[in-house]
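Structure at a glance
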Amino acid sequence: MNFLEKYSDCLKLSESQDNMTQYIIRTNALDKKIFIFQAAEANQTPQKIGVIYTDFLLNPDIRDISSEEIIEAQTNKIVGNIKLFDEEKAIRILNKKKKEISAITSEGAYSEAGKEIHYDKLINAQLLSRPEYSHLEKMGVTQAYFLNENSVLQDVFCFEKGRDISGVVNTRKENIDFCLAGLTLVLGERIINQDYIFEFMKK
Amino acid sequence: MGIKAWVGLKTKMNMGGVQTAHIMPKLEAVVDLRIGPGSSKKYEIVLFGDGSLGCPAGPATDGTRIFLPRTENNFKSKRDNEIAMADFTAHEADHIREGNEYFGDEAEKLRESGKSSVQAFLEKNYSELIENPALAWEIDNIVKDRRINAQRREKFPGVDRHYKECLIPMMEYFRPSTHGMNDLNAFRERYLQKAILGKNFEPVPENQQKLLEEVIAITESATSIYQDPEKVKQIYEIFKKNFDITQPLPNLPPIFGSGDSSQSANPPSSSQQGYGKKIKPRENRDPEEEKPKKMNPKYGKSKGEEQKSKEDKQDKENRQKKSKEEEKEKYQPPEKSEGEKLDERDSNECEIPIDHCKSERKFPKTDAESYFERYAAEVSSMKRIFRQLKARNYGDKKYFEGQELDFEEHLQEDLEAKATGIRVSRKSFIERAPNKVKPVFAIHGDVSGSTDGEILEAIKASFYIMGSALSVSEFNYSLYASDSSLYVLKSPTEKWTTDVTSKIASLDSWGSGIYFRKTSEVIARHLQRTEGNPKCMIVISDFESCDRAEVETGMIKELYDQKIYPLLIVIGEENEENAEFLQDIKREHYSVIPTDKLNELPGEIFRLFKTFGIAR
């Protein structure tokens, strides 16, 4: 898959920012995995930096997912953990030292390191009504999050195609932990919408 | 649950209620889980509950769409309501999945042509069961519901827990009583309960136990949709052998989440549209007699009919007098002694004797119970409603004081304030604690000489029905009767016992009247001392003035001033003006029961209780 081709329009949106780093998070329904890429220079293939061995789509035959590890692609070491429906939060992302990087509740309250962060969420129709984002329609944009200065994230664009979801995460600095913070928003809707299924599966 | 009940829920959305539209993406995820990825786009979720005709009675599917109620608020806890709605969705999705499995490629064609696969299944398999196709379809639905619920409960521990902890305990209060049903309908209800909920809430008669075990064994042996036609036919044959199945079947209220999957399957001309239309008439009503269009018997009666009815009435009264005389011979009438005083001050101030009815009564306790046995069905029905009220508080209390006010409400208030310039000083936070409204009621019946005969019997029946039904609630209520003395049949905090029943059964009519002002003063004081709000006083009488008219009038206003709601039930249309005279009160504060409609008295008290007690 040519990432540059697919996400080029979206990546261009924040080109002017100096220190900003871009990450791409996408699921693969066939492999039932999530891959994390760091966007590279123009005309270069993004670098795969992480893998999660589930796409978080629940089905009756799957084991109960309440905790998943985030694996670094190069070293195969654990760089973080995803906890679902834990401590009244729908998603909690922990770093390798088990400290909370970010979290989101079922009601959509987003926090980083325990501090609540305000964000503006624009859904598909709102985004496409603005000329600067209208070209994202063909990419299947579903929503975008714009975060304030207190966040390590600048913005997150989410996409959907079939059973796959993906997200372009723009962080204020290059840091894997910052990227993982964005994972919360990319996976948010998928996880929260499966709230009842988790409840069904809970022992 | 019937359509009316759903509409009621819509208007009286309680705190833990869930609006289905708000959780739609989550429900779509459930559909995708049960039928397959992307199914939620194919099988649309349709919300109902706007009261329009043709709405299904509960969650349902026609094989192409899933029908869900707009709101769910049977449980106090929002989470329980959400899981219930998710489970309804999963249940209906399971019906669709099974239908798709059965029809294979044909299912898609049916869906595209808009034809119900449920209907197609029934027509294909049960067309030869001509005696009562509706029964065959009902059995088919029960067989399918049992299987898909069992499969889901086995696969998902959370669903099983929801059934055990929420749904089944709730069902105990929602299922109809088999008391008063004919054999067939009672057996259908028992079969439904046992098959889907796994237990019967009322004891099964010995003669039906084996039969029930037999049909349950067959039901449980249907492990796939392909076995259903054979098993359903076996069960149908058992019904046919043991009951008269040619009679019209009233629809049983659906089990929550196990809605009638064949909602479009009933032929449009079918008269079997629920208990409401085929309900058995009350005991003293002729089954052939149509409900009168107007309450006033004067309308639509010819002179001959009037004459006849007068003669009938005369005959009836004579018969009653005779039987009463016989009764009086049998039992020694109670001494109308003053008895133990409830409160010396009350008695002195009001100059009316207060009797606790502790003197010897003509009805021993056991006889009193059998005396009222004929009202068992009414009592059972009302008790169920009070239990439902209690059951609404079932579930974990997940909300607490300080919960933030609903955002939409807050925003609306802000906008209104900007537009009008008037800011209502409302708190930003509301208390989401259980409903603290606990009405307290006093029911006061006139047993003076003018209420002799049928009227007295109706008052006694009302005391018994309301009293025993309210006993399952947590409300404080008291019962009084008065002739020239005020009898305390049950004080507000006293428990309902056979002793109270005996007191009610022993009531006799004599004396000059209720002395409205004096008795109301005493009862008002009792209400003031009893915890609960709103405080309501229901008075059943002909309201003939016993004291000086100027003494009696104005009492209603005084009661209002004391924050007690007086609700008058006037016996006899000719006495309506007496109620109006008391304080020029509005029609909503009194109702008239014509003397030929006395059987409606308990229902009227219940209506007043619901309207002015619970809803207030």
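Structure's up top.
Residues numbered from 1 in each chain as written. Chains lettered and ligands numbered in written order. Predicted model: local features only at pLDDT ≥ 70, side-chain atom pairs only at ≥ 80, totals over all residues. Heavy atoms only, no water.

Here we look at the overall build of chain A
Operational definition: Strands here are runs of E lasting at least two residues and helices are runs of H or I lasting at least four, both read from the DSSP assignment and numbered beginning at the N terminus. Accessible area is worked out with a 1.4 Å probe on protein chains only. A residue is then buried under 20% of its type maximum, exposed over 50%, and partly exposed in between. By the convention used here, residues are in contact when the closest approach between their heavy atoms is within 4.5 Å. Only the protein chains shown count as cover for residues, with accessible areas throughout obtained via the Shrake-Rupley method and a probe of 1.4 Å.
From N to C terminus, chain A includes four helices and 13 strands. Counting every position in chain A, which comprises 203 residues, the buried fraction comes to 51%. Sequence-distant contacts in chain A: of pairs separated by 6 or more residues, those separated by 24 or more amount to 43%. For chain A, the exposed area adds up to about 10,100 Å²; of that, 44% sits on carbon and sulfur atoms.

Some thoughts on the packing of aromatic side chains
Ring pairs (aromatic) are described by centroid distance and by the angle formed between their planes. Residue and element names in this part refer to chain B. Note the threshold: Aromatic rings from Phe, Tyr and Trp, with only the six-membered ring used for Trp, were paired whenever their centres fell within 6.5 Å, and each pair was classed as stacked if the ring planes differed by under 30 degrees, edge-to-face if by over 60, and tilted otherwise. Any Lys NZ or Arg CZ that is within 6 Å of a ring centre and within 35 degrees of that ring's normal is treated as a charge sitting over the ring.
Taken as a whole, this structure holds 19 aromatic pairs over all chains when the rule is applied. Aromatic side chains Tyr102 and Phe103 sit 5.1 Å apart centroid to centroid with 85° between the ring planes, which places their arrangement in the edge-to-face category. By the burial criterion, Tyr102 is buried, and Phe103 matches it. Among the aromatic residues, those joined into a cluster by ring pairs are Tyr102, Phe103, Phe121, Tyr126 and Tyr226. Here the guanidinium or amino end of Lys490 rests over the ring plane of Tyr477, the centre of that ring lying 3.9 Å away.

Focus: the environment of Ile245(B)
All names here are of chain B. Take Ile245: it is sitting in the loop between helix 11 (228-242) and helix 12 (275-278). Ile245 sits in the buried class, given a relative accessible area of 3%. In contact with Ile245, not counting residues within four places along its chain, are Glu131, Asn132, Leu135, Leu184, Tyr236, Phe239 and Lys240.

Description of helix 19 (residues 498-505) of chain B
Extensive coverage of helix 19 of chain B is indicated by the burial of six of its eight residues. Of all the positions in helix 19 of chain B, only Val500(B), Thr501(B), Ser502(B), Lys503(B), Ile504(B) and Ala505(B) are classed as buried.

Describing the pattern of salt bridges
Using the following cut-off: Salt bridges, as used here, are contacts in which a Lys or Arg side-chain nitrogen is within 4 Å of a carboxyl oxygen on Asp or Glu.
Counted under the stated rule, the structure contains 30 salt bridges over all chains. When the shortest N-O distance is used, the salt bridge between Lys144(B) and Asp228(B) registers 3.2 Å. Taken together, the positions of Lys144(B) in helix 7 (residues 133-155) and Asp228(B) in helix 11 put the pair 84 residues apart, joining distant regions of the chain. Among the residues examined, Lys144(B) registers a relative accessible area of 6% and is labelled buried. Given the relative accessible area of 0%, Asp228(B) is considered buried. Residues Arg607(B) and Glu604(B) are paired through a salt bridge, measuring 2.8 Å at the closest nitrogen-oxygen approach. Highlighted residues: Arg607(B) and Glu604(B), both in helix 24 (residues 601-614), separated by three residues, approximately one helical turn. Overall, Arg607(B) belongs to the partly exposed group, its relative accessible area being 36%. Where salt bridges share partners, they join Asp195(A), Glu199(A), Lys202(A), Lys26(B), Arg79(B) and Glu82(B) into one cluster.

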